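Spelled out from the first residue to the last, the chains are:
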Amino acid sequence: MKMEIANVIVDVPAKQTDRAFDYLIPAEWSGTIQPGMRVIVPFGPRKIQGFVTSLKTQSEFEKLREIIEPMDLEPVLNKELLELGDWLTEHTLCFKIFAFQVMLPAALKAKYEKKVKLAQGVEASVLSEPLQILFENNLMIDWEDALKQGMVPLLLKEAAKGTLEVIYIVKEKVRKKQRKFIRPLVSLEELKVEVERFPAKAEKQKQVLSYFTDHFEPVELRQLVAEVKTTSATVKALVEKKLLIEYDMEVYRDPFEHRTFKRTKPLPLTNSQQTAIGPILNAIETNRHEVFLLYGVTGSGKTEIYLQSIQEVIERGQEAIVLVPEISLTPQMVNRFKGRFGDLVAVLHSGLSAGEKYDEWRKIQRKEVKVAVGARSAIFAPFENLGILIIDEEHETSYKQEEMPRYHARDVAIERAKTYSCPVVLGSATPSLESFARAQKKVYHLLSLPSRMNNQALPAVEIIDMREELRDGNRSMFSRKLLDMLKDRLEKQQQSVLFLNKRGHSSFVMCRDCGYVMNCPNCDISLTYHRVNEQMKCHYCGYESHVPHQCPECSSDYIRYFGTGTQKVEDELGKILPEARVIRMDVDTTGRKGSHERLLTDFQNGKADILLGTQMIAKGLDFPNITLVGVLSADTMLHLPDFRASEKTFQLLTQVSGRAGRHQLPGEVIIQTYSPEHYSVELAGTQDYDLFYQREMMIRKIRHYPPFYYLSLITVSHEQLMTVVAATEKIVNYVRSQVSKDAVVLGPAASPIPRINNRYRYQCLIKYKREPNMTKMLKTILDQYQKDTKSGLLVSIDVNPFILM
DNA sequence: AGCACGCCGACT
DNA sequence: GTCGGCGTGCTC
């Protein structure tokens, strides 16, 4: 008999275990265990989860251990996704286990438990005194609990004697939701006869049967009991009489259970929409891979193009993935897809619970839906016959994952589309420079939607120089012009949106006398104020401290919490426009689940005149009554140490401006700034993407940045400053020796966050055009440092980084 | 990552 | 003489 052996990638993210291990498939599982399944395997003394990547009949290893059991009935990763995992590993230089895990809902990540129980045939009475009571009352005790109570040494002693046994348990994070269903076991006719024959005494049973003669179909037990006003005992009696049968069925947690979606029909396309959709439909019909850049201002009707392309894909029996930035997964976007395709849509976003996400994923896996709409990770939706992949707001930085695997959803989309030979559509009003440059070079197919639907004019944008306001004695955060206009809208009963673009997204505490800012003692970064428990917290290492009442530096009492800024704006608004009703949206007011949505609905229903918020209100707002948008300070993010700062500023300002006047009423935009002459502010004012593109490209070329150069960032960290500097220097020298002379190697330089969790951070930035050996070289570096754990050096590499930190 | 194995200092 | 510190190396 031929042995069946499985190659298994184990759930241990470390350099040394980042390879396949061979396991025997026990005879009882022979033929059922397939590539793509999760299995439980013994690994050293433990039990852990692993992914079967392939099967074979021979192994170089003599003494193979057996797979304990499969965790799935069918593979969770199909062949394509397994191969995509290889691709991810290669391109982002991550451990294979990370590549597999990122493709699955978090619910499928294993949970490990370590427990201690009495060994076979051992009585609790033989144990030492303190353990006796414990094991008389419990079958097993948790290792973590024992550790907290300091009992581990005792346990180990017993384990050495053989009276106790340590066991490892691998668990699923979330259970499938099963419900009991009841259906008739006999025909309708027989059932009718039975109802007549039933003695009057068994009144309730008779009623249950009558229910089925009226509704001859399965019904959930819970519902049946409620409708007939009986108990499950009655039903059980009928099941025992073999008239009914009970069975379990997997049900889905439906996050949209209490919402109805108005069905929509395809809208007639404008001429320019028709011109744009043509090539996409052609690619779908001819089964051709091509990347389209759909470039159209806000309100130009990109979504309808997505919808009608998907329609075509569905009609051809294929499937579609649509990515939208997390923040715009507000009901508005979901409504449009659910409205058009109803139950054929699965929605995956972070607002769902792990269980809900798993259920949506299952719908895709079981081929019950045709469209997946979701944030970044939805790009891994387990479809097997993809016809189109769409990325809306293509320029959004949230499509790049900043943890391992550091992938960009756009790259994954293109890779999957190549396998399925189908089109990718990247949509944006302000495409990323990378994408637009590729479109210029005809690598992507550029499709333009030059005008807004119904030919509405773009809002009139006015840039206000806040320095001038200051010179004229206006020290408030509202320019006179903006204030006038706010008053005007209030009178007209129209709505305004005020946008505060602040640096970063944390609130901090600063002394107003000496400028002291509370920093983390372990990391070189300011502490974030948490209103909930009145504490200061570090985002990087978790350090917590109380909010000081006096400045530790100068003992001043004027040490204040600088909120997101929105609080301050709200207060000031209250003073100068007391009659205005304001809704504030920021991390403080949208913390709870669903509050984001509720605030927006309130605003939509006219419960406020002004919506005040941060980043999160820049997208997805499309309310007819908004006629004024004010940007309070346009330039705060311009001065970040980020080569994309101008691009981000331009995109954000353009996007915010697009919120105004999307319907009948014309819109106006006020942008307040301290650097009105900066091209990204100025050109956002005239909404001139093309000119911005040209200006920014020139700068990128001179500075050797994308899209002219690729980037790879190597970050080294260690507790000792000298050690990091030395190691980084060594790496820099090695890199210099390996790359061609066209490449630019920067470093060693301190990272923009020079210390996290008491580890100093240095980096090396490589800018390059064509380096065939780049991946190989980076792998060599990682190999060197990941293998050698004793030096304490940590090296991480981000290929095509978005944040240079 | 865990965990075992193994080799040197402070204790019954 | 042992208990226990954590350095080193393996897990099919």
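Cut-offs used in this document
- Residues numbered from 1 in each chain as written.
- Chains lettered and ligands numbered in written order.
- Predicted model: local features only at pLDDT ≥ 70, side-chain atom pairs only at ≥ 80, totals over all residues.
- Heavy atoms only, no water.
- Pairing = 2+ DSSP bridges.
- Helix = DSSP H or I, 4+ residues; strand = E, 2+ residues; numbered from the N terminus.
- Axes fitted to C-alpha atoms, helices over the stretch in contact; angles between N-to-C directions.
- Domains from an automatic or database assignment.
- Contact = heavy atoms within 4.5 Å.
- Buried area = accessible area lost by both parts, 1.4 Å probe.
- Salt bridge = Lys/Arg side-chain N within 4 Å of Asp/Glu carboxyl O.
- Near = heavy atom within 4 Å.
- Polar contact = N/O pair within 3.5 Å; in protein donor to acceptor, adjacent residues only side chain to side chain.
- Nonpolar A, V, L, I, M, F, W, Y, C, P; charged D, E, K, R; others polar.
- Core = buried A, V, L, I, M, F, W, Y, C linked by side-chain atoms within 4.5 Å.
- Buried < 20%, exposed > 50% of the residue type's maximum accessible area, 1.4 Å probe, protein only.
- Expected span 1.5 Å × (residues − 1).
- Parallel < 35°, antiparallel > 145°, perpendicular 65-115°, else oblique.

1. Re the sheet that holds strand 24 (residues 535-537)
Phase 1 of the analysis: On the basis of which strands lie adjacent, the open sheet formed by three strands has the order 23-24-25 and antiparallel pairing. The open sheet terminates on both sides in strands that have one partner only, identified here as strand 23 (528-530) and strand 25 (544-546). Mean inter-strand twist for the sheet, computed between neighbouring axes without regard to direction, equals 35°.
Phase 2 of the analysis: Two elements, strand 24 and strand 25, share three bridges in a ladder whose sense is antiparallel. Looking at the pairing, Gln535 lines up with His546 of strand 25.

2. Looking at the domain arrangement of chain A
Phase 1 of the analysis: We note that the domain assignment places domain 1 (5-108), domain 2 (112-170), domain 3 (178-250), domain 4 (271-449), domain 5 (460-506 + 563-700) and domain 6 (710-799) within chain A.
Phase 2 of the analysis: On a C-alpha basis, the centroid separation for the pair domain 4 and domain 5 is 28 Å.
Phase 3 of the analysis: Taken together, the 24 residues of domain 4 in the interface contact 27 residues of domain 5.
Phase 4 of the analysis: Summing both sides of the interface, domain 4 and domain 5 together bury roughly 2,000 Å²; the carbon and sulfur share of this comes to 59%.
Phase 5 of the analysis: In this assembly, domain 4 and domain 5 are joined by one salt bridge.
Phase 6 of the analysis: In this structure, Arg644 engages Glu434 in a salt bridge whose closest nitrogen and oxygen atoms are separated by 2.6 Å.

3. A closer look at the protein's contact with DNA strand C
Phase 1 of the analysis: Arg19, Asp22, Gly44, Phe61 and Arg65 are the nearest of the 14 residues found near DNA strand C.
Phase 2 of the analysis: Sugar plus phosphate: this is where 43% of the atoms of DNA strand C within 4 Å of the protein reside.
Phase 3 of the analysis: One nitrogen or oxygen atom from the main chain of Pro42 is found 3.2 Å from a phosphate oxygen belonging to DNA strand C.
Phase 4 of the analysis: Separating a sugar or linking oxygen of DNA strand C from a backbone N or O atom of Gly44 is a distance of 3.1 Å.
Phase 5 of the analysis: Counting residues per element, the ones that place at least two in the surface near DNA strand C are strand 2 (20-24) and strand 3 (38-43).
Phase 6 of the analysis: Residue composition of the surface near DNA strand C, by class: six nonpolar, three polar and five charged.

4. Description of the protein's contact with DNA strand B
Phase 1 of the analysis: As a matter of local geometry, DNA strand B sits amid Val12, Pro13, Ala14, Gln16, Pro45, Arg46, Lys114 and Tyr168.
Phase 2 of the analysis: Here Tyr168 contributes a side-chain N or O atom positioned 3.2 Å from a phosphate oxygen of DNA strand B.
Phase 3 of the analysis: Of the residues in the surface near DNA strand B, the class split is five nonpolar, one polar and two charged.

5. So, the nonpolar core
Phase 1 of the analysis: Core analysis: the largest hydrophobic core is formed by 90 residues, its most contacted members being Leu77, Ile379, Phe380, Leu389 and Leu611.
Phase 2 of the analysis: A per-element tally of this core places helix 14 (residues 409-420) first, with six residues.
Phase 3 of the analysis: In terms of nonpolar packing, the next biggest core, distinct from the first, is built from 31 residues, Val313, Val345, Leu447 and Leu449 among them.

6. Section: the environment of Ile463
Phase 1 of the analysis: Structurally, the position occupied by Ile463 is in strand 20 (residues 460-465).
Phase 2 of the analysis: The spatial distance from the C-alpha of Ile463 to the C-alpha of Pro676 is 6.9 Å, given a sequence separation of 213 residues.
Phase 3 of the analysis: Excluding residues within four positions of it along the chain, Ile463 makes contact with Ile671, Thr673, Pro676, Val681, Glu682 and Gly685.

7. With respect to helix 22 (residues 689-702)
Phase 1 of the analysis: Taking 1.5 Å of rise per residue, the 14 residues of helix 22 would be expected to cover 20 Å, and the 20 Å separating its terminal C-alpha atoms lies within 8% of that figure.
Phase 2 of the analysis: For helix 22, the elements touching its buried residues are strand 13 (291-296), helix 15 (433-440), helix 20 (645-657) and helix 21 (679-685).

8. Here we look at the pattern of salt bridges
Phase 1 of the analysis: Using the criterion set out here, one finds 38 salt bridges in the structure.
Phase 2 of the analysis: A salt bridge links Glu220 to Arg222; the shortest N-O distance between them is 3.6 Å.
Phase 3 of the analysis: A relative accessible area of 57% means that Arg222 is categorised as exposed.
Phase 4 of the analysis: A salt bridge links Asp609 to Arg581; the nearest nitrogen and oxygen atoms lie 3.0 Å apart. Within this pair, whereas Asp609 is found in the loop between helix 19 (595-604) and strand 28 (610-613), its partner Arg581 is found in the loop between helix 18 (566-576) and strand 27 (582-585), the two being separated by 28 residues in sequence.
Phase 5 of the analysis: Connected via shared salt-bridge partners are Glu113, Lys115, Asp142 and Lys171.

9. Side note on unusual backbone geometry
Phase 1 of the analysis: Cis geometry is adopted by the peptide bond preceding Pro707, which originates at Pro706 and carries an omega value of 0°.
Phase 2 of the analysis: Checked against the element boundaries, Pro707 lands in the loop between helix 22 and strand 31 (710-718).
Phase 3 of the analysis: Phi is positive for Asn287, close to 55°, though the residue is something other than glycine.
Phase 4 of the analysis: Secondary-structure assignment places Asn287 in the loop between helix 10 (271-285) and strand 13.

10. Describing the packing of helix 7 (residues 203-214) against helix 9 (residues 232-240)
Working note: a packed helix pair is described by the angle between its axes plus the distance between those axes.
Phase 1 of the analysis: Where helix 7 contacts helix 9, the two axes come as close as 9 Å, and the packing angle between them is 75°. Taken as axis vectors, helix 7 and helix 9 run roughly perpendicular relative to one another. Contact residues: helix 7 offers Lys204, Gln205, Val208 and Leu209, while helix 9 offers Thr234, Ala237 and Leu238.
Phase 2 of the analysis: Here the residues of the contact of helix 7 with helix 9 are counted per class, giving four nonpolar, two polar and one charged.

11. So, the packing of helix 20 against helix 22
Phase 1 of the analysis: Remark: helix 20 packs on helix 22, axes separated minimally by 11 Å, with the N-to-C direction vectors making an angle of 170°. Taken together, helix 20 and helix 22 sit at an angle that is classed as roughly antiparallel. For the pair helix 20 and helix 22, the contacting residues are Ser646, Glu647 and Phe650 in the first and Tyr689, Phe692, Glu696 and Arg700 in the second.
Phase 2 of the analysis: Considered class by class, the residues forming the contact of helix 20 with helix 22 number three nonpolar, one polar and three charged.

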